[in-house]
Amino acid sequence: MRIVLASASPRRRALLTALGLEIEVVPSGAPEIDEGASPASIVIENAKRKRDDIVGRLDSPALVIAADTLVFLDDHVLSKPRDLDDARAMLRRLSGRTHDVLTGLAVADTQRGQRVEGYEKTGVTFRKLTDTEIGHFIHAVTPLDRAGAYTVDGPGSLLVARYDGCYQNVLGLPIVRLQQLMRDLGHDLFEMVDGRHRGEGYSLNGIEEVRAKILEFDDRAEMIAYAFNRNKGSKP
């Protein structure tokens with residue numbers, strides 16, 4: 001049975017193809033919410049909307065996977081920033097503090113007519129960021145399409161001091177939680193692995209050269225500037 005990912009996120013696709021799964025990407029245009037009874041209820045509802053949108057559009061059996069990831073600080077959602085000034089304000093709020101990243105998952109087996117949902121939560125603690133570091137990050141990443149105005153791969157890895165929970169969840173797709181939901185439907189990701197497709201698409205390993213290079217720097221600002229400019233494909 002084909003696997004349909006109801007998301008255009010290159011990171012979610014990469015996490016699945018890294019397992020050796022062959023994925024068909026069909027992005028959902030379902031409207032999302034940012035208010036609800038609890039953080040978990042918001043991300044689960046958004047994932048369900050995306051899943052159900054795609055299920056209603058398919059004309060052949062499939063396993064449909066949908067996800068929604070949001071950042072919460074003091075139980076208040078930090079959605080995608082309106083503009084770069086809003087992105088700077090979000091990063092200043094997150095600086096030096098711990099927040100939660102929640103991903104809602106919604107999966108459907110259209111052949112059996114079965115649907116399940118769940119979520120994962122990870123605590124993320126930011127370093128104390130300077131305005132210069134925030135400026136470098138925004139210039140390198142332009143995070144207007146990211147909840148909370150950041151990502152933790154590439155240069156974003158320099159923002160974080162500590163993770164408490166699933167790292168893949170912060171990237172947008174908690175694989176172990178997904179496996180649990182798949183088993184609830186009678187499927188197993190291990191049994192779907194096809195080594196021919198492993199690692200296709202977006203790479204999650206692009207920062208290894210940066211990690212090696214930054215060890216050469218004594219000054220933190222110089223180090224971060226190098227990493228961000230490297231991500232832009234230029235040299236400082």
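Preceding block: the structure.
Only a predicted model underlies this, so the values are computations on that prediction, with no experimental measurement involved.

Parameters at a glance
Residues numbered from 1 in each chain as written. Predicted model: local features only at pLDDT ≥ 70, side-chain atom pairs only at ≥ 80, totals over all residues. Heavy atoms only, no water. Buried < 20%, exposed > 50% of the residue type's maximum accessible area, 1.4 Å probe, protein only. Helix = DSSP H or I, 4+ residues; strand = E, 2+ residues; numbered from the N terminus. Contact = heavy atoms within 4.5 Å. Salt bridge = Lys/Arg side-chain N within 4 Å of Asp/Glu carboxyl O. Core = buried A, V, L, I, M, F, W, Y, C linked by side-chain atoms within 4.5 Å. Axes fitted to C-alpha atoms, helices over the stretch in contact; angles between N-to-C directions. Parallel < 35°, antiparallel > 145°, perpendicular 65-115°, else oblique. Left-handed = near helix turned anticlockwise from the far one by under 90°. Nonpolar A, V, L, I, M, F, W, Y, C, P; charged D, E, K, R; others polar.

**Student:** Sorry, what's going on with helix α1 (residues 10-17) here?
**Tutor:** Working note: α-helix, 3.6 residues per turn, so residues spaced by three or four point in the same direction. Buried residues dominate α1, accounting for six of its eight residues. Those residues of α1 lying buried are Arg11, Arg12, Ala14, Leu15, Leu16 and Thr17. In this structure, the buried side of α1 is in contact with β1 (2-5), β2 (23-25), β3 (62-73), α5 (167-171) and α6 (175-184).

**Student:** When you look at the pattern of salt bridges in this model, what are you seeing that I'm missing?
**Tutor:** Side chains that carry opposite charge are capable of pairing whenever their charged atoms lie near each other. On inspection of all chains with the given rule, the structure shows 17 salt bridges. Note that Arg112 is salt-bridged to Asp109, the shortest N-O span being 3.5 Å. Given a relative accessible area of 1%, Asp109 falls into the buried group. Each of Arg51, Asp52, Arg115 and Glu117 takes part in salt bridges that share partners, so that together they form one network.

**Student:** I would appreciate a short explanation of the nonpolar core in the present structure.
**Tutor:** Most often, soluble globular proteins have nonpolar side chains that are buried together. With 49 residues, the main nonpolar core has Leu16, Phe126, Tyr150 and Leu178 as its most contacted residues. With seven residues, the single largest contributor to this core is β3. Aside from chain neighbours lying at most four places away, what touches Phe126 is Leu91, Leu94, Ser95, Gly96, Arg97, His99, Tyr150, Leu159, Val160 and Ala161. The next biggest cluster of nonpolar side chains, apart from the first, holds ten residues, and it includes Val4, Ala6, Val55 and Ala66.

**Student:** Looking at this structure, I do not really get the packing of helix α3 (residues 84-94) against helix α4 (residues 131-141). What am I missing?
**Tutor:** Running from N to C, α3 and α4 point in directions that differ by 135°, and their axes come no closer than 10 Å. Judged on the interaxial angle alone, α4 and α3 are oblique. Between α3 and α4 lies a crossing whose hand is right-handed. Where α3 abuts α4, its residues Leu84, Ala87, Arg88, Leu91 and Arg92 lie against Asp131, Ile134, Phe137 and Ile138. Residues belonging to the contact of α3 with α4 are distributed by class as follows: six nonpolar, no polar and three charged.

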